[in-house]
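Next come the chains, spelled out residue by residue.
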Amino acid sequence: MTVPRPFVYFCPSTESEALALLRDYKGEAKILAGGMSLIPLMKLRLVSPKYVIDINRIESLSYIKQDRDKIRIGALTRHHDLERSDLLKKVLPILSETASWVGDPQVRNMGTIGGSLSHADPSGDLGSCIIALRGELVIKSERGERTISIDNFFVDTFTTVLQPDEMLKEIIINVPKDRSGGAYLKLERRAGDFAIAAVATQISLDPKGICSYAGIGLTAVGPTNLKAKKAEEFLLGKELNDKVIEEAAEIAASEAKPTDDPLRGSAEYKRAMVKVLTKRALKISLNRARGG
C-alpha cells in the first residue's frame, strides 16, 4: 500500500495557529515540517494521523542568526540552508559539514533540522552533531516554552520528550571558543544512504594545547543518537596525542549499542567502525583546532 489513509490537512501561517491546532487535536495530529520522514511513513501506513499540520508557511521558524555568544537556528531551517550558511561555515563548520551528509539534494532542499530532530531516527545525522555541540532545544506549546538539553531530548527510537501539544521551535548552540574544531564522518553503503555508522566530534584546546572541551555523538549504533560520555570525559585535561586519541576511540566504541543488520553489517563490524571513525574525526578536529 502506497497511499495514506484519509486525513484532514491544515496549513497555519503563524506559530499560535499551529499550537492551537495541536491543542485542539492533541494526540491525533502530526506536524509536517520538511515531510521527508512523515510522508513516506504515511504512504506505507506505518503512521496514520487524523490531522496533519503543515508548518512550512510559518516564516518565523526559519532562520540562522548569532545572538552574542550563541547561534540560534529556527526549527524550520532547511538542511540546504545549514549546509550553505556563511555564518555556520565560519562559526560552526561541523554543522554545515553534517548537513552536507544528509540524504540527497532533494532531501536537503526540503528537510528541516527541527523535523529531523523531532523524528528521532537513530540514523539521523544532525542529532549526533547537536549532541557533540551540546545544543539546547526550545520547545513550545500554548502552555509556554521550555528549554532542554539535547542530552535529555531523545527517549527511544522515533520517540522524544515532546508532548502531543508541543513542537520544537529553536535550536541554541554556544559559539565555540578559539582553538576549536569539529568533524563529522559517515560510513554509508552508497551516497545519500542511512549511515552504517557515523561520528560527530567537537573539541577545544586551552592556550597550552590541553583539551578543555570534548563532544562526541554517535549515529546509527543505538536506539537513539548516542552521547559517548565516557570518551568525552577521558579526553578532558589531556594533550591529544595519538595514544590518547586511540584510547578515546576505543572507549567510544565500547559505548555504542549496535545491533546486527542484514543490510548494514553485524554489531561487531559497526562497533569496529565507530572506533575507526572516532579516531579519524578526533584527528581532523584536532588539526582544525590548531588552525589546520
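Quick note: structure is the one above.
Residues numbered from 1 in each chain as written. Predicted model: local features only at pLDDT ≥ 70, side-chain atom pairs only at ≥ 80, totals over all residues. Heavy atoms only, no water.

Description of the pairing of strand β10 (residues 167–174)
Along any regular strand, the residues point their side chains to alternate faces of the sheet. For β10, the tally of buried residues reaches seven of eight residues, placing the bulk of the element in the interior. Strand direction decides the pairing type here: strand β5 (residues 70–74) and β10, joined by five bridges, are antiparallel. Looking across to β10, one finds that K70 is bridged to N174. Note that strand β6 (residues 136–141) and β10 share five bridges and pair antiparallel. Paired with V138 across the two strands is E170, which belongs to β10. (Buried < 20%, exposed > 50% of the residue type's maximum accessible area, 1.4 Å probe, protein only. Helix = DSSP H or I, 4+ residues; strand = E, 2+ residues; numbered from the N terminus. Pairing = 2+ DSSP bridges.)

Some remarks on the nonpolar core
The biggest cluster of nonpolar side chains holds 35 residues, and the ones touching the most others in it are L95, L117, F153 and I171. Listing elements by their share of this core, those giving two or more residues are β5, α4 (86–91), α5 (93–100), α7 (113–119), α8 (125–132), β6, β10 and β12 (195–205). Per-element accounting of this core gives the leading share, five residues, to α8. Of all hydrophobic cores here, the second largest spans 31 residues; its members include L185, V199, A214 and A253. (Core = buried A, V, L, I, M, F, W, Y, C linked by side-chain atoms within 4.5 Å.)

Let's talk about the packing of aromatic side chains
Scanning all chains against the criterion turns up four aromatic pairs. Ring centres of F153 and F154 lie 5.4 Å apart, and the angle between their planes is 70 degrees; on these two criteria the pair is classed as edge-to-face. Take F153 and F154: they sit in the same class, and that class is buried. Members of the aromatic cluster, connected to one another through ring pairs, are F10, Y25 and Y51. Against the face of Y63 rests K65, its NZ or CZ located 4.7 Å from the ring centre. One Lys or Arg, K238, reaches over the ring of F234 and ends 4.3 Å from the middle of that ring. (Phe/Tyr/Trp six-rings, centres within 6.5 Å; stacked < 30°, edge-to-face > 60°. Lys NZ or Arg CZ within 6 Å of the ring centre and 35° of its normal.)

As for the environment of V138
Looking at the element boundaries, V138 is found in strand β6. Put simply, V138 and S266 are 128 residues apart on the chain and 37 Å apart in space, counted from C-alpha to C-alpha. The contact partners of V138, leaving out residues within four places of it in the chain, are E145, R146, T147, M167, L168, K169, E170 and I172. (Contact = heavy atoms within 4.5 Å.)

Notes on unusual backbone geometry
Trans is the prevailing form of peptide bonds, just as negative phi is the prevailing case for residues other than glycine. The backbone of F158 shows a phi angle near 60 degrees, a positive value even though the residue is not glycine. Tracing the backbone shows F158 in the loop between β8 (154–156) and β9 (159–160). Positive phi values are uncommon outside glycine, yet A220 reaches one of about 70 degrees. Structurally, A220 is set in the loop between β13 (211–219) and β14 (226–227).

Quick look at the sheet that holds strand β11 (residues 180–188)
Judged by pairing direction, the sheet is antiparallel, and its four strands sit side by side in the order β11-β12-β13-β14 without closing on themselves. Edge positions in the open sheet fall to β11 and β14, since each of these has one partner strand only. One ladder, built from nine bridges, connects β11 with β12; its direction is antiparallel. Following the sheet pairing, L187 is matched in β12 by A197. On top of the sheet, α5 reaches β11 and β12; it is set at about 10 degrees to β11, its chief contact. Relative to the sheet, helix α11 (residues 267–289) contacts β11, β12 and β13, its axis offset from that of β12 by approximately 30 degrees. (Axes fitted to C-alpha atoms, helices over the stretch in contact; angles between N-to-C directions.)

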